[in-house]
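Now for the letters of each chain:
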Amino acid sequence: MLNEDGISRVLVVTAHPDDVDFGAAGSIAQFTERGVAVTYCVATDGDAGGFDRELDNGGMAELRRSEQITAAKAVGVSDVRFLGYRDGTVEPGLGLRRDIARVIRQVRPDLVVTHSPERNYVNISPSHPDHRAVGGAALDAVYPDARNPYAFPELLADEELAAWVVKEVWLIGGPTPDHFVDVTATFDRKLAALHSHASQVSHMDAFDDFLRTRFAQMAQRAGFGEGHYAEAFQRVVTA
Ligand SMILES: [Zn+2]
């Protein structure tokens, strides 16, 4: 397993604008405060989300991209890349694997954070089909695609992107979390990031209370005690 000193670059691969902020923004803020370089790669523009249906899907996509860029800034991230897939239609095929492998070879991260491809039967909300598709494709891109120079040879031949071995993956939202990060110190920055997604969350009453309750429960489960907040991951060693 990687210790903190072994992580200098992190790549977060998610399906929709706002996923990283619900699942991991407190942990991301801790990374950037330590000087770790973090890149977000978002598969869709979230054009099927939101409640302001005065906007067509194109307008919603533009709004959600800008909300994600603002949310990233709130936790110290300025490198945000969108793959342009259609919200609600993502499949874990070769095209998506190649697109994620390309970004892995460009960024060369020690750690990738992504969705769990496993369905969570206890709490269904993290198991959106786009999440499972992106998580599965990201794991396939980590192993074997990004590290195998013979996988997607055009990445090397046409783009000079050399093979890269990601050492570890943290999965969000899966049924069996085993790694809990105490995010009490950065929880306000996580809230600021989440409030950046106004098209998704501004209609929710008592949104902060909901978040505090949910992430305090995670801290209880981790044994961090009263008054703490935690984010949960499943760690997968991929070196
Ligand atoms: Zn999502």
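*Asks:* How should I be thinking about the environment of L55 in this particular structure?
*Replies:* In this fold, L55 is placed in the loop between β2 (37-44) and α2 (57-74). Take L55: its relative accessible area is 26%, and that puts it in the partly exposed class. Setting aside chain neighbours within four positions, we find L55 in contact with M60 and L63.

*Asks:* Help me understand the coordination of the zinc ion, please; the structure alone is not making it clear to me.
*Replies:* Within the first shell, the zinc ion binds the protein through H16 (ND1), D19 (OD), D19 (OD) and H131 (NE2), at distances of 2.0 to 2.8 Å. Between consecutive donors of the zinc ion, the numbers of intervening residues give the motif H-x2-D-x111-H. Of the two residues, D19 sits in helix α1 (residues 19-33) while H131 sits in helix α4 (residues 129-142), which places them 112 residues apart along the sequence. H131 matches D19 in its accessibility class, with the two residues each being buried.

*Asks:* I tried to follow the side chain of D145 on my own but got confused; where do I start?
*Replies:* Tracing the sequence through the fold places D145 in the loop between α4 and α5 (153-159). Assessed through its relative accessible area of 2%, D145 is described here as buried. Only 2.9 Å separates the side chain of D145 from the side chain of R97, close enough to count as a polar contact.

*Asks:* How should I be thinking about the packing of aromatic side chains in this particular structure?
*Replies:* Scanning the model with the defined rule gives five aromatic pairs in all. On the numbers, 6.2 Å between centres and 80° between planes, the contact of F22 with F207 is edge-to-face. Of this pair, F22 sits in helix α1 while F207 sits in helix α8 (residues 207-222); the two residues are 185 residues apart in sequence, bridging distant segments of the chain. Residue F207 is classed as buried on the basis of its relative accessible area, which comes to 3%. A centroid spacing of 4.0 Å and a plane angle of 10° characterise the contact between F187 and Y229, whose relative ring orientation is stacked. Of this pair, F187 sits in helix α6 (residues 187-195) while Y229 sits in the loop between α8 and β7 (230-237), placing them 42 residues apart in sequence. Under the relative-accessibility criterion, F187 is labelled buried at 1%.

*Asks:* Just to check I follow, could you spell out the nonpolar core for this structure?
*Replies:* Nonpolar side chains in soluble globular proteins generally cluster together in the buried interior. Counting residues in each nonpolar core, the largest one holds 39 residues, and the members touching the most others are V10, I28, F31, V38, Y40 and V113. In terms of residue count, the dominant contributor to this core is α1 (seven residues). Setting aside chain neighbours within four positions, we find Y40 in contact with V12, V20, D21, I28, Q68, A72, V75, V77, D79, V80 and R81. Ranked by size, the runner-up nonpolar core spans 27 residues in total, among them V90, V134, F152 and V166.

*Asks:* I'm lost on the packing of α6 against α8 in this one. Help?
*Replies:* In helix packing, the relevant descriptors are the interaxial angle and the interaxial distance, both defined with respect to the helix axes. Where α6 meets α8, the axes come as close as 11 Å, and the angle between the chain directions of the two elements is 135°. Taken together, α6 and α8 sit at an angle that is classed as oblique. The interaxial crossing formed by α6 with α8 has right-handed handedness. Contacts between α6 and α8 involve F187, D188, K190, L191, L194 and H195 from the former and F207, D208, L211, R212 and F215 from the latter. Within the contact of α6 with α8, the residues separate by chemical class into six nonpolar, one polar and four charged.

*Asks:* Help me understand the environment of A74, please; the structure alone is not making it clear to me.
*Replies:* Along the polypeptide, A74 turns up in helix α2. Spatially, the C-alpha atoms of A74 and H195 are 9.9 Å apart, while their sequence positions differ by 121 residues.

*Asks:* Can you help me understand α2 in this one?
*Replies:* In an α-helix, one full turn covers 3.6 residues, which means residues spaced three or four apart are oriented alike. Given a rise of 1.5 Å per residue, 18 residues ought to cover 26 Å, and the 26 Å separating the end C-alpha atoms of α2 matches this to within 8%. Among the structural elements, α1, β2, β3 (79-85), α6 and α7 (198-201) are those in contact with the buried residues of α2. G76 lies just past α2 and shows a positive phi near 85°.

*Asks:* Can you walk me through helix α3 (residues 94-107) in this structure?
*Replies:* For α3, spanning 14 residues, the distance from its first C-alpha to its last is 20 Å, which sits close to the expected 20 Å at 1.5 Å a residue. In the core, the buried residues of α3 are packed alongside β1 (9-14), β2, β3, α4 and α5. Just downstream of α3 lies R108, where phi reads positive at about 55°.

*Asks:* Looking at this model, I keep getting lost on the sheet that holds β1. Mind explaining?
*Replies:* Strand pairing in a sheet takes place through backbone hydrogen bonds and is either antiparallel or parallel in direction. Within the open sheet, the seven strands sit side by side as β3-β2-β1-β4-β5-β7-β6. Their pairing is mixed. The strands lining the two open edges of the sheet, one partner per strand, are β3 and β6 (179-182). The mean angle between the axes of side-by-side strands here comes to 25°, regardless of whether they run parallel or antiparallel. In the packing of α3 onto the sheet, contacts are made with β1, β2 and β3, and the angle to β3 comes to roughly 165°. On top of the sheet, α8 reaches β6 and β7; it is set at about 55° to β7, its chief contact.

Rules behind the numbers
- Every residue gets a number counted from 1 within its own chain, in the order that chain's sequence is written.
- Whole-chain, interface and lining totals are the exception, using all residues; otherwise, since this is a predicted model, local features are given only for residues with pLDDT of at least 70 and side-chain atom pairs are given and counted only at 80 or more.
- The basis for every side-chain value is the complete set of non-hydrogen atoms in the structure, without hydrogens or water.
- Per the convention used, a helix needs a DSSP run of H or I reaching at least four residues, while a strand needs a run of E reaching at least two, with both numbered from the N terminus.
- The buried label goes to any residue with under 20% of its type's maximum accessible area, the exposed label to any with over 50%, and the partly exposed label to all in between, with areas taken from a 1.4 Å probe on protein chains only.
- It only takes one pair of heavy atoms within 4.5 Å for two residues to be counted as in contact.
- In this listing, donors mean N, O and S atoms no farther than 2.8 Å from the metal, or 3.2 Å for Na, K and Ca; water is missing from the atoms, so a site can look incomplete.
- We call two N or O atoms a polar contact when they sit within 3.5 Å, provided that within protein one can donate a hydrogen and the other can accept it, with sequence-adjacent residues counted only if both atoms are side-chain atoms.
- Each pair of aromatic rings taken from Phe, Tyr and Trp, with Trp reduced to its six-membered ring, is defined by centres within 6.5 Å and is described as stacked if the planes are under 30 degrees apart, edge-to-face if over 60, and tilted in the remaining cases.
- Among buried residues, those of type Ala, Val, Leu, Ile, Met, Phe, Trp, Tyr and Cys that are joined through side-chain atoms within 4.5 Å constitute a nonpolar core.
- Under this scheme, a helix contributes an axis fitted over its contacting stretch, all axes are lines through C-alpha atoms, and angles between N-to-C directions fall in the 0 to 180 degree range.
- Roughly parallel means an angle under 35 degrees; roughly antiparallel means over 145; roughly perpendicular covers 65 to 115; every other angle is labelled oblique.
- By convention, the crossing between two helices is left-handed when the near helix turns anticlockwise from the far helix through less than a right angle, and right-handed when the turn is clockwise.
- Here the term charged refers only to Asp, Glu, Lys and Arg, the term nonpolar to Ala, Val, Leu, Ile, Met, Phe, Trp, Tyr, Cys and Pro, and the term polar to all other amino acids, Gly among them.
- Each helix should span, by expectation, one fewer than its residue count multiplied by 1.5 Å.
- Here a strand pair is declared whenever DSSP counts at least two bridges between the two strands.

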